[in-house]
Amino acid sequence: MAVTGVFFHEMFAGAEWDIIGNKFRNFPGAMERQLRLPNVRLYRPEKASEDLLLKIHTPRFMDDLRRMWYYEGVLYSVGGCVEATERILSGEITNALVFDVAAGHHAERDYAWGGTYASCAGPAFWKARQKFGRKRFAIIDTDCHHGNGTRDVFRDDADVLHVCFCSMNLTEGNGTKVCVDSGWQTTDDAYLELVRREFITRAREFEPDMVLHKFGHDTCEGDYGDRGLTPEFFPRLANEINHLTRELCGGRYLVLTHGGCRADVAEEIFPRIIEILAGTT
Ligand SMILES: [Zn+2]
Ligand SMILES: [Zn+2]
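Criteria and cut-off values
Residues numbered from 1 in each chain as written. Chains lettered and ligands numbered in written order. Predicted model: local features only at pLDDT ≥ 70, side-chain atom pairs only at ≥ 80, totals over all residues. Heavy atoms only, no water. Axes fitted to C-alpha atoms, helices over the stretch in contact; angles between N-to-C directions. Helix = DSSP H or I, 4+ residues; strand = E, 2+ residues; numbered from the N terminus. Parallel < 35°, antiparallel > 145°, perpendicular 65-115°, else oblique. Left-handed = near helix turned anticlockwise from the far one by under 90°. Contact = heavy atoms within 4.5 Å. Nonpolar A, V, L, I, M, F, W, Y, C, P; charged D, E, K, R; others polar. Donors = N, O, S within 2.8 Å, 3.2 Å for Na, K, Ca; no water. Tetrahedral: all angles 85-135°; square planar, octahedral: opposite > 155°, others 65-115°. Buried < 20%, exposed > 50% of the residue type's maximum accessible area, 1.4 Å probe, protein only. Phe/Tyr/Trp six-rings, centres within 6.5 Å; stacked < 30°, edge-to-face > 60°. Lys NZ or Arg CZ within 6 Å of the ring centre and 35° of its normal. Pairing = 2+ DSSP bridges.

Caption draft 1: Seen up close, the packing of helix α7 (residues 188–206) against helix α8 (residues 233–249). Orientation of α7 relative to α8, taken along the N-to-C sense of each, is 20 degrees, at an axis distance of 11 Å. Relative to α8, α7 is oriented roughly parallel. Relative to α8, α7 is oriented so that their crossing is right-handed. When α7 is examined against α8, the residues Asp-188, Asp-189, Tyr-191, Leu-192, Val-195, Arg-196, Phe-199, Ile-200, Ala-203 and Arg-204 are found in contact with a partner set consisting of Phe-233, Arg-236, Leu-237, Glu-240, Ile-241, Leu-244, Glu-247 and Leu-248. Along the lines of polarity and charge, the residues of the contact of α7 with α8 split into eleven nonpolar, no polar and seven charged.

Structure follows, in structure tokens:
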């Protein structure tokens, strides 16, 4: 049976974060029932260290970041992603849902925008490789927007597959860095079909040790990146990728929250995603 880690810090529910607002205001209460499942563990992340962030970001970038009001949120978010990656690769947990504010896919090595002000995957993979040696990671990004930061951080890293569902079609890095135009008026079924064709087939060939999913829900109808998807879509997507990871890499699957400001959608989908990860649905 899978062991699922949920990484959440209470400070995530305490502020109006840029872009996503206070969508976690009712957490962890909204997932109370799921947190009581016998194979689900709640972790309160530690702050990521500045030394670790400096492995990815420039000193100038860090000097600016350190002065920002959201700095603590950044450190706890990155810290959760780092810890979850280590615990998954060590075999202590099988998979994880990692809550994230103020950090993520728009943070390049020396520039960041769009509500995400430091890299999560960069420090997490860097530290994991220090500890566990050469590891291959597949990143699927189904947030509405292009993951310019992720692309920048892993541009020259052939052991990272990055498939980004955004608004352009592009293949670079010998096929390990891919963007897919997911369309503005799509449907749940059409988007899932695109994920199968553009991510799942590539991931099978790539053979990663872990899959990291930048799980934005800004693509939901009524949200700021509305592509016409319904709230039902998101658990279906997680279920699909969860099955893939069981087939490919022992179920090692890290779901990292990303964009989307609809609190009602967050409250509906993330508890269900815990149930999927824990194998109870
Ligand atoms: Zn987005
Ligand atoms: Zn892209």
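Caption draft 2: Layout of the coordination of the zinc ion (ligand 2). Within the first shell, the zinc ion (ligand 2) binds the protein through His-146 (ND1), Cys-164 (SG), Cys-166 (SG) and Cys-179 (SG), at distances of 2.1 to 2.4 Å. The coordination sphere of the zinc ion (ligand 2) comprises four donor atoms, whose angles at the metal cover 100 to 121 degrees; the geometry is tetrahedral. On the basis of relative accessibility, which here comes to 0%, the residue Cys-164 falls in the buried class.

Caption draft 3: Inspection of the packing of aromatic side chains at higher detail. One pass over the structure, following the stated rule, counts 19 aromatic pairs. An angle of 90 degrees between the planes, with centres 5.1 Å apart, marks the rings of Phe-8 and Phe-99 as edge-to-face. In this pair, Phe-8 is assigned in the loop between β1 (4–7) and α1 (32–35) and Phe-99 in the loop between β3 (95–98) and α5 (121–132), connecting sequence segments 91 residues apart. For the pair Phe-8 and Phe-99, one class covers both residues: buried. When the ring of Phe-165 is compared with that of Tyr-191, the centres are 5.8 Å apart and the planes differ by 35 degrees; the resulting orientation is tilted. Placement of Phe-165 in strand β5 (residues 160–166) and of Tyr-191 in helix α7 is noted, with a sequence separation of 26 residues between them. You can call Tyr-191 buried: its relative accessible area is 1%. What links up through ring pairs into an aromatic cluster is the set Phe-8, Phe-12, Phe-24, Phe-27, Phe-99, Phe-165, Tyr-191, Phe-215, Phe-233, Phe-234 and Phe-270. One residue, Arg-136, lies across the ring of Phe-206, its end atom 3.9 Å from the ring centre. Geometry around Trp-184 places Arg-227 over its ring, the cationic atom sitting 3.9 Å from the centre.

Caption draft 4: Here's a closer look at the coordination of the zinc ion (ligand 1). Each protein donor to the zinc ion (ligand 1) is listed here as Asp-143 (OD), His-145 (ND1) and Asp-218 (OD); together their distances run 1.9 to 2.2 Å. In terms of primary sequence, the donors binding the zinc ion (ligand 1) are separated according to D-x1-H-x72-D. Classification of Asp-143 by relative accessible area gives buried; the value is 2%.

Caption draft 5: Layout of the sheet that holds strand β6 (residues 170–172). Taking strand neighbours across the sheet as the criterion, the nine strands line up as β2-β1-β3-β9-β8-β4-β5-β7-β6 in an open arrangement whose pairing is mixed. Both edges of this open sheet fall to β2 (40–43) and β6, since each of them pairs with a single strand only. Going across the sheet, the axis of each strand differs from the next one's by a mean of 15 degrees, ignoring polarity. Two strands pair when backbone bridges link them, and β1 and β2 are joined in this way by four bridges, in the parallel orientation. Looking at the pairing, Gly-5 lines up with Arg-41 of β2. Each of β4 (137–141), β5 and β8 (210–215) touches α5; the most contacted strand, β4, lies at about 165 degrees to it.

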